[in-house]
Amino acid sequence: MPDQATMRRAHDDARRGKSASTQAGEFVREEFHHIREGKHGARSAKQAIAIGLSKARRAGVKLPPPAAGRASNKVRRKAQRDYKRGQGGNGHVSHRRSRAVLGALKREGHGAASTRAISRQARTAAHRRTASERSASARRAVTTKGRHGLSLAGRKAARTRMARKG
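Residues numbered from 1 in each chain as written. Predicted model: local features only at pLDDT ≥ 70, side-chain atom pairs only at ≥ 80, totals over all residues. Heavy atoms only, no water.

A. The overall build of the protein chain, seen in detail. For the protein chain, the helix and strand inventory stands at seven helices and zero strands. Start at the N end of the protein chain and walk to the C end: the helices and strands fall as α-α-α-α-α-α-α. In the protein chain, buried positions account for 24% of the 166 residues. Considering only contacts in the protein chain between residues 6 or more positions apart, those separated by 24 or more positions represent 56%. Side-chain charges in the protein chain split into 43 positive and 10 negative, and the spacing between the mean points of these groups amounts to 6 Å. (Helix = DSSP H or I, 4+ residues; strand = E, 2+ residues; numbered from the N terminus. Buried < 20%, exposed > 50% of the residue type's maximum accessible area, 1.4 Å probe, protein only. Contact = heavy atoms within 4.5 Å. Lys, Arg positive; Asp, Glu negative; His and termini not counted. Charge placed at Lys NZ, Arg CZ, Asp CG, Glu CD.)

What follows is the structure, encoded as structure tokens:
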């Protein structure tokens, strides 16, 4: 079950009109925090992200399952099941399965949430996209920032440029 704070942040994102992936990002963030604080581990950063997305779908975030060809059939079926579960009512939770999954995750390492692992995952994910896709994504992100957010982003960019010069 996701933390109340995570649910509130995702709900706030939804109310502000942010995309489903941004809302789901809150659950992924929570998952990385759980790994860092030792609640459980993960085999890789990719697995931690997958757990977060699954939780998001089950919590009712309207994040559609990946399209055919984007992920394996097994992954797509699981995502469809999670999505359906989140859009419907509360179903039965198997306590035995929950404990077994948590037990298995506790045996995994905690390196999946390291800055290095997350950075490597982000880079490989970005490399799978074309330059125009990355650019279009950035352009879309700008529209949700608002005037104040744009101003802050501009100042940050200027600071970054100055830091790189000196």
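B. Broad picture of the nonpolar core. Counting residues in each nonpolar core, the largest one holds nine residues, listed as Val28, Phe32, Ile35, Ala42, Ala45, Ala48, Ala112, Ala113 and Ala117. Mapped onto this core, the elements with two or more residues apiece are helix H2 (20-36) and helix H3 (45-58). In this view, Val28 contacts Ile49, Gly52 and Leu53; residues no more than four positions away in its chain are not counted. The next biggest cluster of nonpolar side chains, apart from the first, holds seven residues, and it includes Phe27, Ala56, Val61 and Leu63. (Core = buried A, V, L, I, M, F, W, Y, C linked by side-chain atoms within 4.5 Å.)

C. Representation of the packing of H2 against H3. Running from amino to carboxyl end, H2 crosses H3 at an angle of 130°, the nearest separation of the two axes being 8 Å. With respect to each other, H2 and H3 are oriented oblique. Judged by the twist between their axes, the crossing of H2 over H3 is right-handed. Across from Ala24, Phe27, Val28, Glu30, Glu31, Phe32, His34 and Ile35 in H2, the residues of H3 making contact are Ala45, Ala48, Ile49, Ile51, Gly52, Leu53, Lys55 and Ala56. Each residue belonging to the contact of H2 with H3 can be placed in one class, and the counts come to 11 nonpolar, two polar and three charged. (Axes fitted to C-alpha atoms, helices over the stretch in contact; angles between N-to-C directions. Parallel < 35°, antiparallel > 145°, perpendicular 65-115°, else oblique. Left-handed = near helix turned anticlockwise from the far one by under 90°. Nonpolar A, V, L, I, M, F, W, Y, C, P; charged D, E, K, R; others polar.)

D. Structural detail: the environment of Gly86. Residue placement: Gly86 occurs in helix H4 (residues 73-87). Judged by its relative accessible area of 17%, Gly86 falls in the buried class. Sequence-wise, Gly86 and Ala59 are 27 residues apart; in three dimensions their C-alpha atoms are separated by 5.2 Å. Look past the residues within four positions of Gly86 in its chain and what remains in contact with it is Arg57, Arg58 and Gly60.

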